[in-house]
Amino acid sequence: MDDLANNTILRCPLWGIFITPSSASTRKFLNCPVEGVYLAEVLQNALAAEAGIKRGDIITAVDGRKLDDAGFLKVEWTDDKVFLVDYINRLPICTDVTVTYYRDGVENKTKITL
């Protein structure tokens, strides 16, 4: 709401990713031991690409909040799980977000500034 009150345009962060649910067989093939979402595409010059995230990675957590295979995570403001995009859209612009992801069987972390 602060962003809307102070700006004539409502700004939403765009990571530039296209996610799909991951399955146990996909995670096994990619050597990822935990649930997460598969990155089907990462747009060039988008926030995720600039943070080093690539197509084929599996995002497993955002800000320490574990993602399930469909891209939902638990938050404190509701008992229901929230979709990753909805979580990100609630964060203020210029917020740093820590993303945990797997690539080639190795857990990695990176920071994205919205």
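What you are looking at is a predicted structure, and each value in this text was computed from that prediction instead of being measured. (Residues numbered from 1 in each chain as written. Predicted model: local features only at pLDDT ≥ 70, side-chain atom pairs only at ≥ 80, totals over all residues. Heavy atoms only, no water.)

Trainee: Would you mind showing me how to read the packing of aromatic side chains here?
Mentor: Aromatic ring pairs are defined here through the distance separating the ring centres and the angle between the ring planes. Enumeration over the complete set of coordinates arrives at two aromatic pairs. When the ring of W77 is compared with that of Y87, the centres are 6.1 Å apart and the planes differ by 5 degrees; the resulting orientation is stacked. In this pair, W77 is assigned in the loop between strand 5 (72-73) and strand 6 (82-83) and Y87 in helix 4 (residues 84-89), connecting sequence segments 10 residues apart. You can call Y87 buried: its relative accessible area is 3%. Positioned over the ring face of W77 is R90, at 3.9 Å from the centre of the ring. (Phe/Tyr/Trp six-rings, centres within 6.5 Å; stacked < 30°, edge-to-face > 60°. Helix = DSSP H or I, 4+ residues; strand = E, 2+ residues; numbered from the N terminus. Buried < 20%, exposed > 50% of the residue type's maximum accessible area, 1.4 Å probe, protein only. Lys NZ or Arg CZ within 6 Å of the ring centre and 35° of its normal.)

Trainee: Hey, could you run me through the pattern of salt bridges in this one?
Mentor: Should their charged atoms come close, side chains of opposite charge can pair. What the rule picks out here adds up to four salt bridges. Note that R27 is salt-bridged to D69, the shortest N-O span being 2.8 Å. In this pair, R27 is assigned in helix 2 (residues 24-29) and D69 in the loop between strand 4 (65-66) and strand 5, connecting sequence segments 42 residues apart. The closest approach of N and O atoms between D68 and K81, which form a salt bridge, is 3.3 Å. Of this pair, D68 sits in the loop between strand 4 and strand 5 while K81 sits in the loop between strand 5 and strand 6, and the two are 13 residues apart along the sequence. Among the residues examined, K81 registers a relative accessible area of 42% and is labelled partly exposed. (Salt bridge = Lys/Arg side-chain N within 4 Å of Asp/Glu carboxyl O.)

Trainee: What is the right way to read the pairing of strand 3 (residues 58-62) from this model?
Mentor: Of all five residues making up strand 3, five are buried, and the element is well covered by its neighbours. As judged from the two bridges shared by strand 2 (residues 37-42) and strand 3, these two strands associate in the antiparallel manner. Bridged to Y38 within strand 3 is I58. Sheet topology places strand 3 next to strand 7 (residues 96-103); four bridges connect them, and they run antiparallel. What sits directly across from I59, in strand 7, is Y101. Where strand 3 and strand 4 come together, two bridges link them in antiparallel fashion. If you follow V62 over to strand 4, its bridge partner there is R65. (Pairing = 2+ DSSP bridges.)

Trainee: Before we go on, may I ask you to explain the environment of E76 in this structure?
Mentor: Tracing the chain through its elements places E76 in the loop between strand 5 and strand 6. By relative accessible area, E76 is classed as exposed at 61%. Side chain to side chain, E76 and R65 meet in a polar contact 3.0 Å long. (Polar contact = N/O pair within 3.5 Å; in protein donor to acceptor, adjacent residues only side chain to side chain.)

Trainee: Can you help me understand the pairing of strand 8 (residues 106-113) in this one?
Mentor: Looking down a regular strand, the side chains alternate between one sheet face and the other. Across eight bridges, the pairing between strand 7 and strand 8 is antiparallel. When the bridges of strand 8 are listed, T100 appears paired with K109.

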